[in-house]
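# Observations on the three-dimensional arrangement
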Amino acid sequence: MASTSITCIPSILDDLQALENDYPESPNWPQKHLRRKLRHLRTFLLCARKYSNDDVQLPFDNKKNQADNHHASLEALAVRIGDAIPKWAKEIQSSDQPWDAVRDLEKDIKSFEQEICEWYVFFLGSSSQQSSNSLVRKDDLMEFMDSLLENLVNYWSWSRPAHEVGLIKALEEKLAFMQNLIRFVKLYGVENTELGPLLVHTEAVAINAARLSYKCQFKKGLPEDVVESISELPQKIIPVEPQVLETCIQALAASKLSRQSHGDTDEHLLRDFFHSLLCNLWEKLKHGTCPVILRQLQMFYEGLISLRTILKEKPKEFDEKVRDPTRVVKCYGGDFISPLSLNAIKDAIQAKDMDIVCSELLEIIKLIDAVITEKCPESSSFNFPKTNGLGFVDSLLEKMMDVTSSEADSIALIDHPIQKVQEELVCLRSLLRKIVGLQNEDEEVQAIWDRIVGVAYRIEFLIDSLLTGNILDSSSMSIHSILEEMNIIKAAALKICDSGTLGGKVKEVTKRFNHMPQQGSKPIVNDVVVGFEDETASIINGLRNGSRQVKIVSIVGMPGCGKTTLARKVYNDSSVKSHFYERAWCTVSQVHHKRNLLLQILTCIESKLPEDVFEMGEEDLALQVKRRLLKNRYLIVLDDVWDIDAWKGLEASFPDYGNGSRVILTSRLRGVAPQDKLDHEPYSLRQLAPKESWDLLKGKLYPGQDLDPPELCEIGQQVVKMCQGLPLTVVILAGILSRMDPNGWKEAVEGLSSRNVSSTEQCIATLELSYKHLPDTLKACFLYFAAFPEDHEHNTKRLISLWVAEGYVQKTHPKRSEDVANDYLMELISRSLVIVSKPRSIDGVKACRIHDLLYEFCVTKAKEEKLLQRVRRYDDLSVFTVPCYLLRLCIIDSKLEHFDNLRLFSPAIRSLLLFSDDEDGISFDLRFIFHIMKLVRVLDLSQIGLDPFPREVELLVHLRYLAILGRGKISLPSSVCNLPNLETLIWRNSSTHRSVSLPDTIWNLKKLRHLQLIDEVDKHYCFFFPRDNLDNSSQLLDLDFLSCLSLDPEENISKLLRKFPNIRKLRCSVNLKPGVQYHVAMNCLSQLESLSLGCVIYAGDRYQLDFQFPLTIKKLTLSYFRMPWSKMAAIGNLPNLEVLKLLKQAFEGEIWEMEVEKFPKVRFLKLASLNIAKWTASSKYDEQDYFPGLQKLVLDCCGALQEIPSCLGHSSALEIIEVSKCPNCTSSLEEIREEQRSNGYTDLKILIS
């Protein structure tokens, strides 16, 4: 009866699928839950089918009546289920309210729960009592397991806690392995009778898994006993019983003897088996195994991946030679590397000589290598980056000098002739110098260039592997083979260099290409806005007038047409600023998360958000946005929107009080804004008119010049025609021409204008030319933007630290690496490849980004140049194959299960960057990965939760850059500070805000350059350095940037500060107590240029303290000290001070009367959140110009401020005064404006908001 009742299940599933198709946007989707439960019923019936057959006896010790009763009871249950199925289908089809019917049917299904659970227990007991020769039908077992695995897959893809997902996924993988093993050996002709013990064992564990799976479906959270059972079951699935293990070995051996061919329909069986084989082998590599054969296992894993890739991507190449299982699973017949059990490996090693074990495995690896090399030769080659080859060779030589001079490293390399390799590489480097610039112009030169750079990468890989203790078995990776290759390359290179044609080619290339700017040059950050005057006026008019309801202004157009530029122009218009009480800018992007969008909006509305806001979920954040916008007239910009879901997710947070609030939305697509909300037809941006294109190009190349330069006029018509009215193309072309000799402009433009392509394709072609004209040192830096999510805003300090750690920055003595890297960034900005998103107070960039089109170009080109590979989302991970010798991998939008599915195996990886927007929701256990990726140099884990902290990081002796997320009870282990090459250490606080105590071993980090604690909520969390035994601790001579350092003036501050003699940028949190007189002496820091000091707040009176600052300071920020204004004298006369920020109660008192203090070089001054009412100049010095160089003054949240010193009216340098939330100083500002005009200074801008 059970067997016949099953036939109704597929029909009900089909009915439900039709139901889903009819109602695809139902919010609750209850039919999905019903489908899940129906599948569990089907799995149960497939299991029960065996016990309803007449030829299967239930084991009751020949107690016939008891057996008959159980048969009858099972049959009755099956009949009830079978009778219910057509009734359910009929109810769903006939009901006017199908969703109500579905919910009712779920209750019916739950009524079977207790009985089915009891029967599973019975089946499990029955199965465990079967003899190994009992009849198990393979086809029935496979169908049962198919249904079971479908249940498990649906379980872990559902919304469940991460630890449950991991348990169920491990169970699913182990069961799939057993199923694929049985199918594999059956494919090669092994009979059921030969598989008796294996089938009986598999059936038993499958029934147990089905029982637990069935119990899970009715539980929102799993009981501890179920969790424990599920966690133990995967270990029981892989058989260890001698009889079952012997059956597996015999079956694999029998499959070797089979020579039968099979068709394409069976290839999926091979793919599934390979996949399961890889999963199982991955578990061995994760958890470690015998060190002697670990490397061989890794090589075997690599080979299997390559074979799977061939099978998947080149099925025609996968002929009988590759299909022959003797070339893939010969190892399993030898019982020493059985995929079935780690114990089998241990037992085999005890039983066999280790040399035999390794030699047999190596023989198999060679067979696999031979097949791969023949079928897919490119997959076995050493793929190295094509950018910055000369720079890499230079850095490698410097590294080799360090290695050979280090006693510890020399011991590790004592058996290898590294000195000889170094001498040969010096020779090859000199040859590279001779042909630099020609590698893209001559195929023969390109081949030599690639061979030299390629051998350099192999040298580095070999040396670093030896230093970490890795054993390399590849003949191509031995020192002797590399020396032989270097001699061959040198002979070929000398032949080319000695030829007479080389000199002429070098001169031609040198003439055409313009390389790096002179040291110290600064980019012209020139935001020229041309065109769209009518659109701008129309949008502003629509924002300020028209409907009183919330309306959307939509700006649409192709990439690079100026949508964001136009929106920004409108957003910053003074009339718009004054009209709206609240404004917020939110960049949405193609991949977005509602929580992050809400936080963007809140941050714009209120610069200092309460700490608890950052811990809120989506619903609470949405409510916070709504509350802050309530009854205010607001303007929200949603930039780069890709679908209507973004608007739907935020709409409820935008209240409509009939006060004329507006939303500006920019998109490539017209349909992303709801029609009923539009105030106007979408503004579809036109192409620039020819004259507008010309004006934009001229404005970029010759800012402020009215006359048309003759050298530009010569190419004018070609430029206008070529750019096809796309602003981004004009801007990029201007970046190219600005770095070329004007004599070469015509040739460059003619080369591009000959293309007959669309404007977007033309922009890409222009990008290609711009990239080609980049100096080699800049190419890698530019393409590195592909390592981050789209629309990512880059903190320049962090970006520069990454460039330095990656080895992209050439050392140029006496300049520090950070300064050289900053020059690189400025050069990219000058070439219009990078956009300044947040400028520094003066002369600098705080944050930057790149345009979407440039980002897409970087992603494509970085992969093409083998610089790095980016992976994002599950679909990419599921098909991603780690290329051989991949050096850099960036995983965007990481999820725990996605990362596990990647099974990242790439011992050559040097950089791993993980990005996730769910940093507090999941925990990654990455400890296993550092046993494999021992060569990693850059490790950014600052956006993913770690549980526990991977202490195995100490294995990464080459690590230069480490960024981690401080969460929960995670602490910094002392072993991290034993990393000899660490240059950057970043600790980023998550929702758990706290300071961090550094271990005593911090003084061991001799190369540390950048130490930072990031907390977006509270800047006063800091690092506590160990104070004990400072006299005997080493100095951190290379430390350039430290944020944030805890200082306690009751201790000897100078003794601690002297540990950082060369530091230039420092942020400190000072512990002060009211009523105590403090003297804070920091003048021992003779290199310090930027200092930010904040006070840990205690209730009480003013603090009594004096500061002694280094005279080298250029930028000073103070907050929370509540000092009297009389203390300003110590600051005012600092001779090099250019930026001064007095924030958040830095000083207290209603009157600041400037007397003896002067600010000779201050160019930027900011006063924020102070209780000052009068800011004046002493009558004794009324005519004195206290700020002769002041260019910008910012006044923020000084509500009591009424008077500003009139001497500012005499300042010829003053360009702009920005005022926000200072309502009482308007008349004083007007007096300064009039004084400026009377002195002939008419360019002063005063912006009030």
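You'll find the structure just up there.
Parameters at a glance
- Residues numbered from 1 in each chain as written.
- Predicted model: local features only at pLDDT ≥ 70, side-chain atom pairs only at ≥ 80, totals over all residues.
- Heavy atoms only, no water.
- Pairing = 2+ DSSP bridges.
- Helix = DSSP H or I, 4+ residues; strand = E, 2+ residues; numbered from the N terminus.
- Phe/Tyr/Trp six-rings, centres within 6.5 Å; stacked < 30°, edge-to-face > 60°.
- Buried < 20%, exposed > 50% of the residue type's maximum accessible area, 1.4 Å probe, protein only.
- Contact = heavy atoms within 4.5 Å.
- Axes fitted to C-alpha atoms, helices over the stretch in contact; angles between N-to-C directions.
- Salt bridge = Lys/Arg side-chain N within 4 Å of Asp/Glu carboxyl O.
- Core = buried A, V, L, I, M, F, W, Y, C linked by side-chain atoms within 4.5 Å.
- Patch = residues over 30% accessible without salt bridge, like charges linked within 9 Å, V, L, I, M, F, W, Y side chains within 5 Å.
- Areas by Shrake-Rupley, 256 points an atom, 1.4 Å probe, with all protein chains shown as cover.
- Lys, Arg positive; Asp, Glu negative; His and termini not counted.
- Charge placed at Lys NZ, Arg CZ, Asp CG, Glu CD.

### Observations regarding the sheet that holds strand β8 (residues 845-849)
Sheet architecture is open: three strands sit in the order β6-β8-β7, paired in antiparallel fashion. The open sheet terminates on both sides in strands that have one partner only, identified here as β6 (794-795) and β7 (835-839). Sheet topology places β6 next to β8; two bridges connect them, and they run antiparallel. The residue of β8 that forms the bridge with H794 is C848.

### Section: the packing of aromatic side chains
One pass over the structure, following the stated rule, counts 29 aromatic pairs. Note on Y634 and F654: the rings are 6.3 Å apart at their centroids and 45° apart in plane angle, and the pair reads as tilted. One end of the pair, Y634, is in strand β3 (residues 634-641); the other, F654, is in the loop between α29 (644-651) and β4 (662-667), and 20 residues separate them in sequence. Relative accessible area serves as the criterion here: at 0%, Y634 is assigned to the buried category. Given the relative accessible area of 6%, F654 is considered buried. Consider the rings of F1107 and F1109, whose centres lie 5.1 Å apart with planes at 15°: the pair is stacked. Taking relative accessible area as the criterion, F1107 reaches 12% and is therefore assigned buried. A network of ring pairs unites the aromatic residues F44, W119, Y120, F122, F123 and Y214 as a single cluster.

### Focus on the sheet that holds β3
An order of β2-β3-β4-β1-β5 is seen for the five strands of this open sheet, with the pairing classed as parallel. Among the strands making up the open sheet, the edge pair consists of β2 (582-587) and β5 (683-684). Of the pairings in the sheet, the one linking strand β1 (residues 551-556) to β5 comprises two bridges and is parallel in character. The residue bridging I555 from the neighbouring strand is Y683, located in β5. Along the sheet, helix α27 (residues 594-605) makes contact with β2 and β3, crossing β2 at roughly 145°.

### As for the pattern of salt bridges
Under the defined criterion, the tally for this structure stands at 39 salt bridges. One salt bridge in this structure joins R628 and E606, with 3.0 Å as the shortest N-O distance. Of this pair, R628 sits in helix α28 (residues 618-629) while E606 is found in the loop between α27 and α28, placing the two residues 22 residues apart along the sequence. Where D1040 meets R1064, a salt bridge forms, and the shortest distance between an N and an O atom there is 2.7 Å. Here D1040, found in the loop between β17 (1023-1024) and β18 (1041-1047), pairs with R1064, found in the loop between α42 (1053-1057) and β19 (1065-1071); they are 24 residues apart in sequence, far enough to count as distant. Each member of the pair, D1040 as well as R1064, is classed as buried. Shared partners join several salt bridges into a network, and the residues in it are K399, E460, D464, R910 and R937.

### Comments concerning the environment of K1192
Structurally, K1192 is set in strand β30 (residues 1192-1196). Looking at K1192, the relative accessible area reads 25%, which means it is partly exposed. Excluding residues within four positions of it along the chain, K1192 makes contact with R1163, F1164, L1165, L1214, I1216 and E1218.

### Re the nonpolar core
One finds F1025, L1066 and W1175 to be the most contacted residues of the largest nonpolar core, which totals 113 residues. What F1025 contacts, discounting residues up to four positions off in sequence, is L998, I1002, W1003, L1011, L1036, L1042, L1045, L1056 and F1060. One finds L774, V845, C858 and V938 within the second-largest nonpolar core, a separate group that totals 98 residues.

### Topic: the environment of E118
Positionally, E118 belongs in helix α6 (residues 113-128). What makes E118 partly exposed here is its relative accessible area of 46%. Residues E118 and R211, 93 residues apart in the sequence, show an inter-C-alpha distance of 9.1 Å.

### So, a negative patch on the surface
Taken together, the side chains of E224, D225, E228 and E232 define an acidic patch exposed on the protein surface. With respect to the secondary-structure elements, E232 resides in helix α10 (residues 224-237).

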